[in-house]
Amino acid sequence: MRFIKASIATLFSLVVIFPIIYTISASFFTYADFTSIPAKLLPSSFYLENYVRAFAETSLARFLANSFVTATLGMLLRMGISIGAAYAFTFFTFKGRDVLFFVVIATMLLPSDALILANYSTIRTLGLTDTYLGIISTKLLSPTHIFMLRQYFKTMSREYREAALIEGCSDARFITTLLLPISKAVVITLGIHSFSNIFNDYLWPLLVTNKEGMRTVQVGLTMLGFSENLDYGPQFAAIALLMIPIVIAFIIMHSPIQNSVSSRFAGR
Amino acid sequence: MKRLLALLLLVMLATQGLFALGQEEAPEAGVSTLTWWHYGSGLAGKAIDSIVQEFNETVGKEKNIQVNAVFQGKANDVLTKTKAILQSGSTKDLPDLAQFDGSAVLDIRDVPSLIPMEDLAKQDGYDLTQLLEAARLSVTYKNKMIAMPFNSSTILLYYNKTAFDEAGIATPPTTLAELGNVAKALVQKDEKGNITRYGFANVPTTYELIVWLGQQNGLSYITDNENGHLGNPTKVLFDENGTMVNFLTRWKDLYATGAVENLTSDVNGAFASGRVAMIVASTSKLTTIHSMVADRFEVGVANFPAVDEQATGGVNVGGGAIYAFDNQSGNGDAAWEFVKFATSPEQQFNWHIATGYFPVHHDTYSMDAFQKHIEENPHYRVAIEQLMESNPKMQGIWVPSAYQIYYAFQSGILRMLEDDLSPEETSKALAQEINGYFEEYLRMQGE
């Protein structure tokens, strides 16, 4: 039985991990490797030229730095706003709360593509083109995040907070010492989601930046000219480099997520 | 919480440092700085950088003009970004020059900030006939050249010469009927009867149909208003003039040979790997396809096969052009200096060698270096001779809903082949669908 379980788990993880392994493998492919028949799984040699070219032909290091700064900053601010808003919508009672919540949720119906030109106009008027703030500011409000956090917070008994407040605990302290640790799984998951969402964005950062020094890595990737020249090598090398930090983040974060998910299931 | 704050602070500090790095040096006094948005990535990106560098060091230095080339993503991204600026009404943010492909014409041609390139050329007394007529007409709207052709290409037949030799085929096909015969001879099967090599792979879309419909009877228009070059198209003509039915009939015969694969993506890859023996692709892919194939087999190129013997129009010029904008900086003349430089015979020669786009300036073709180059690279000679023999009036289509029309052609033809529909009903259905897009657009424009 154990064996069957293990093989099923291995099979599924192989499916998930295959693209990652293939990307790393393909980053060492030569031009001919990409077009050989039958298709290759492993490179014919340890070919490093793709990495050299990825760095030599663009300011990849600079693009990577820009992406990390905007994604980290954007993620922290977005999570801060979402947690604060979800907390207020869950635990506070004030006039117009439900209407306000409904308005926030209704913005989910607006596709971001429809807003892109209006947003551009705003950012430009504010003089935020070619700044990190310009790149992240339209990403800061996420109704989905607020909604999910609120649903999660609602599963908590309100008496916890009342008891804490009677003991003289402030809202800020209640959030940091009690609420967030309990909601670790959802907060971390949404955090990672925010990070990769901002990190992976292409059109918006392209729109609000003109200086090469402000470009993010997704824009930098297209500079390698893969689609026009069918030159996949440097592209794969750059993607492989991009994956490393995200994969590490997942490895570090996966045990808190797993623990809290399984403990919640076990508790029920 | 403290740790979070510390982290935030750290990020902010790092941001400060990076901001400083992102700043540019202030431009020198008296120097006009031009911004040129382009979509050249990879090889083309490098070639663009070297044109700009040479300009800045020579003519630009002399005339106090410095060009700043900015890569703005794919062709469509350059358009999106320009449209965003136009809609926000802040024409000051427009670049002085921008490179667009044919799909942008509809959105850009009537913009008040656009400075038609012909106006700039005339102010300078520049003779437009120095440019290849086909290239010039490819950016001519209502009889005015609105942009400068820059990265121009045509469509070409690529074939696996090694496979041709093995099958004993001496000359590449010139018509669709011949293509069918040759393709049949090139098919290879394994012991189980599965096809391991197709003769030809293609599902026609706008790109191919501009040629296959347009070349019939010397010159046929696909839509009214001369394919949209004289104004908005109001209806398609391919149903009335019978070109679509004629093409589809021949295409159905070709498909019936069983040697054609209905491949819609990575056709070049299939060719390079040897799975398909013939494809049609842009001349700008010459360099790429050669390096993809490596020494797997010998590549041959030939004229794009004609629909039939009566289809004598040849091929059209595709690719992109440089547009000039008035961003209230008064850089129009400076912009023209650069455009003139970038399309000069010498620069167009370098550009051709680096990318495979063909030179748009007549004088490039008589340069000794160019003659020597096509002597040594007969493939380029084929591409260029094909263009020279073509009817320059044969032009691409400027239509709304270009994306939908592209897929309408593709899926319409696939449906005909798979469900065995007649060419007549397919042509009728396509005309109806595309006319619907035109009507919708005209209604939105209030015409």
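Residues numbered from 1 in each chain as written. Chains lettered and ligands numbered in written order. Predicted model: local features only at pLDDT ≥ 70, side-chain atom pairs only at ≥ 80, totals over all residues. Heavy atoms only, no water.

Enquirer: How should I be thinking about the overall build of chain A in this particular structure?
Expert: Looking only at helices and strands, chain A has 15 helices and 0 strands in total. Buried residues in chain A amount to 43% of all 268 residues. Counting only contacts in chain A whose residues sit at least 6 apart along the sequence, the fraction spanning at least 24 positions is 72%. Summing over all exposed atoms, chain A offers an accessible surface of approximately 14100 Å²; the carbon and sulfur share of this is 70%. The averaged location of the 14 negative side-chain charges in chain A is 10 Å from the averaged location of its 20 positive side-chain charges. (Helix = DSSP H or I, 4+ residues; strand = E, 2+ residues; numbered from the N terminus. Buried < 20%, exposed > 50% of the residue type's maximum accessible area, 1.4 Å probe, protein only. Contact = heavy atoms within 4.5 Å. Areas by Shrake-Rupley, 256 points an atom, 1.4 Å probe, with all protein chains shown as cover. Lys, Arg positive; Asp, Glu negative; His and termini not counted. Charge placed at Lys NZ, Arg CZ, Asp CG, Glu CD.)

Enquirer: What should I look at first to understand the overall build of chain B in this one?
Expert: When you go through chain B residue by residue, the secondary structure sums to 20 helices and 15 strands. Principal-axis analysis of the C-alpha atoms gives chain B an extent of 70 × 65 × 55 Å. For chain B, the proportion of its 447 residues judged to be buried stands at 56%. Taking all contacts inside chain B whose residues are at least 6 apart in sequence as the whole, residues at least 24 apart take part in 77%. On chain B, roughly 19000 Å² of surface is accessible, and the fraction owed to carbon and sulfur atoms is 49%. Positive and negative charge centroids in chain B, built from 32 and 54 side chains respectively, lie 5 Å apart.

Enquirer: Can you walk me through the packing of helix α9 (residues 158-166) of chain A against helix α10 (residues 171-182) of chain A in this structure?
Expert: Each pair of packed helices gets described by two things: the angle between the helix axes and the distance between those axes. Residues and elements named next belong to chain A. In contact at an axis separation of 10 Å, α9 and α10 are set at 125 degrees when each is read in the N-to-C sense. As summarised for this structure, α9 and α10 are arranged oblique, according to the angle between their axes. Judged by the sense of rotation from one axis to the other, the crossing of α9 with α10 is right-handed. Along its contact with α9, which presents Y160, R161, A164 and L165, the element α10 presents D171, F174 and L178. (Axes fitted to C-alpha atoms, helices over the stretch in contact; angles between N-to-C directions. Parallel < 35°, antiparallel > 145°, perpendicular 65-115°, else oblique. Left-handed = near helix turned anticlockwise from the far one by under 90°.)

Enquirer: Looking at this structure, how should I read the sheet that holds strand β13 (residues 278-282) of chain B?
Expert: Two orientations exist for strands paired in a sheet by backbone hydrogen bonds: parallel and antiparallel. All names here are of chain B. Here 3 strands make up an open sheet; going across it, the order is β13-β8-β14 and the pairing antiparallel. With one partner strand each, in any of the chains shown, β13 and β14 (299-302) form the two edges of the open sheet. Neighbouring strand axes in the sheet, compared pairwise and without regard to direction, differ in orientation by 35 degrees on average. (Pairing = 2+ DSSP bridges.)

Enquirer: What's the story with the packing of helix α4 (residues 60-91) of chain A against helix α5 (residues 97-106) of chain A in this structure? I'm lost.
Expert: Residue and element names in this part refer to chain A. For the pair α4 and α5, the least separation of the axes is 10 Å and the interaxial angle reads 145 degrees. The crossing of α4 and α5 is left-handed. Between α4 and α5, the contacting residues are A88, F89 and T90 on the first element and R97, L100, F101 and V104 on the second. Partitioning the contact of α4 with α5 into residue classes produces 5 nonpolar, 1 polar and 1 charged. (Nonpolar A, V, L, I, M, F, W, Y, C, P; charged D, E, K, R; others polar.)

Enquirer: Explain the side chain of N56 of chain B to me, please; I cannot follow it from the model alone.
Expert: All names here are of chain B. Examined against the element boundaries, N56 turns out to sit in helix α2 (residues 42-57). For N56, a relative accessible area of 14% puts it in the buried group. Those residues in contact with N56 that lie beyond four places of it in its chain are K61, I65, Q66 and V67.

Enquirer: Explanation requested: the pairing of strand β3 (residues 97-101) of chain B in the structure shown.
Expert: Looking along a regular strand, one sees the side chains alternate between the two faces of the sheet. Residue and element names in this part refer to chain B. Most of β3 is tucked away: 4 of the 5 residues are buried. When strand β1 (residues 32-38) meets β3, the two strands line up parallel, connected through 2 bridges. Looking across to β3, one finds that W37 is bridged to A98. Both β3 and strand β15 (residues 318-325) contribute to a ladder of 5 bridges, which runs antiparallel. Residue pairing for β15: F100 is matched across the bridge by A321.

Enquirer: For this particular structure, what's the right way to read the domain arrangement of chain B?
Expert: Interface size is commonly expressed as the accessible area that is lost once the parts come together. Residue and element names in this part refer to chain B. Here chain B is partitioned into domain 1 (30-153 + 318-366) and domain 2 (155-315 + 393-444). Spacing between the C-alpha centres of domain 1 and domain 2 amounts to 30 Å. Each partner contributes to the interface: domain 1 provides 17 residues, whereas domain 2 provides 15 residues. Viewed at the interface, domain 2 and domain 1 are joined by 0 salt bridges. For the side of domain 1 that touches domain 2, the elements supplying multiple residues, two or more each, are α5 (105-108), α7 (133-137) and β5 (140-141). Class assignment of the residues belonging to the side of domain 1 that touches domain 2 gives a composition of 8 nonpolar, 7 polar and 2 charged. (Domains from an automatic or database assignment. Salt bridge = Lys/Arg side-chain N within 4 Å of Asp/Glu carboxyl O.)

Enquirer: Help me understand the environment of V70 of chain B in this model?
Expert: By the element assignment, V70 of chain B lies in strand β2 (residues 65-71). On the basis of relative accessible area, V70 of chain B is assigned to the buried category, the value being 8%. Each C-alpha atom of the pair V70 of chain B and A98 of chain B lies 9.4 Å from the other, and the pair is 28 residues apart in sequence. Those residues in contact with V70 of chain B that lie beyond four places of it in its chain are N210 and R215 of chain A together with T35, W36, W37 and H38 of chain B.

Enquirer: What am I meant to see in the pattern of salt bridges here?
Expert: Between side chains of opposite charge, pairing is possible as soon as their charged atoms come close. Residue and element names in this part refer to chain B. Taken as a whole, this structure holds 19 salt bridges over all chains when the rule is applied. With a shortest N-O distance of 2.8 Å, K122 and E118 are connected by a salt bridge. Taken together, the residues K122 and E118, both in helix α6 (residues 117-123) and 4 residues apart, mark about one turn of the helix. Here K122 falls in the exposed class, since its relative accessible area comes to 55%.

Enquirer: Hey, could you run me through a nonpolar patch on the surface in this one?
Expert: All names here are of chain A. A cluster of nonpolar residues, M1, F3, I4, I8 and F12, forms a patch on the protein surface that exposes about 630 Å² of accessible area. Checked against the element boundaries, F12 lands in helix α1 (residues 2-26). The exposure class assigned to F12 is exposed, which follows from its relative accessible area of 56%. (Patch = residues over 30% accessible without salt bridge, like charges linked within 9 Å, V, L, I, M, F, W, Y side chains within 5 Å.)

Enquirer: What should I look at first to understand the pairing of β13 of chain B in this one?
Expert: All names here are of chain B. Burial runs high along β13: 5 of the 5 residues are buried. Taken together, the 5 bridges between strand β8 (residues 155-160) and β13 define a ladder with antiparallel strand orientation. Each residue of the ladder has a partner; that of Y158, found in β13, is I279.

Enquirer: Would you mind showing me how to read the packing of aromatic side chains here?
Expert: Two measures describe an aromatic ring pair: the distance that separates the ring centres and the angle between the ring planes. All chains considered together, the criterion is met by 36 aromatic pairs over all chains. Where Y87 of chain A meets F174 of chain A, the ring centres are 6.1 Å apart and the plane angle is 45 degrees; that geometry is what we call tilted. In this pair, Y87 of chain A sits in helix α4 while F174 of chain A sits in helix α10, placing the two residues 87 residues apart along the sequence. Taking relative accessible area as the criterion, Y87 of chain A reaches 3% and is therefore assigned buried. Counting every residue linked through ring pairs, the aromatic cluster contains W36, F55, F150, F338, F341, W351 and Y357 of chain B. In this arrangement the basic side chain of K81 of chain B is found over the ring face of W37 of chain B, its NZ or CZ atom lying 5.2 Å from the centre. (Phe/Tyr/Trp six-rings, centres within 6.5 Å; stacked < 30°, edge-to-face > 60°. Lys NZ or Arg CZ within 6 Å of the ring centre and 35° of its normal.)

Enquirer: What am I meant to see in the nonpolar core here?
Expert: Where a protein is soluble and globular, its nonpolar side chains tend to be buried together. Residues and elements named next belong to chain B. Counting residues in hydrophobic clusters, the biggest one holds 100 residues, and the most contacted among them are W36, L97, F100, M117, Y158, Y323 and F338. With 7 residues, the single largest contributor to this core is helix α15 (residues 332-342). Here this core spans two domains, and each of domain 1 (30-153 + 318-366) and domain 2 (155-315 + 393-444) adds at least three residues to it. Residues F304, V315, M394 and M416 belong to the second largest nonpolar core, which totals 50 residues. (Core = buried A, V, L, I, M, F, W, Y, C linked by side-chain atoms within 4.5 Å.)

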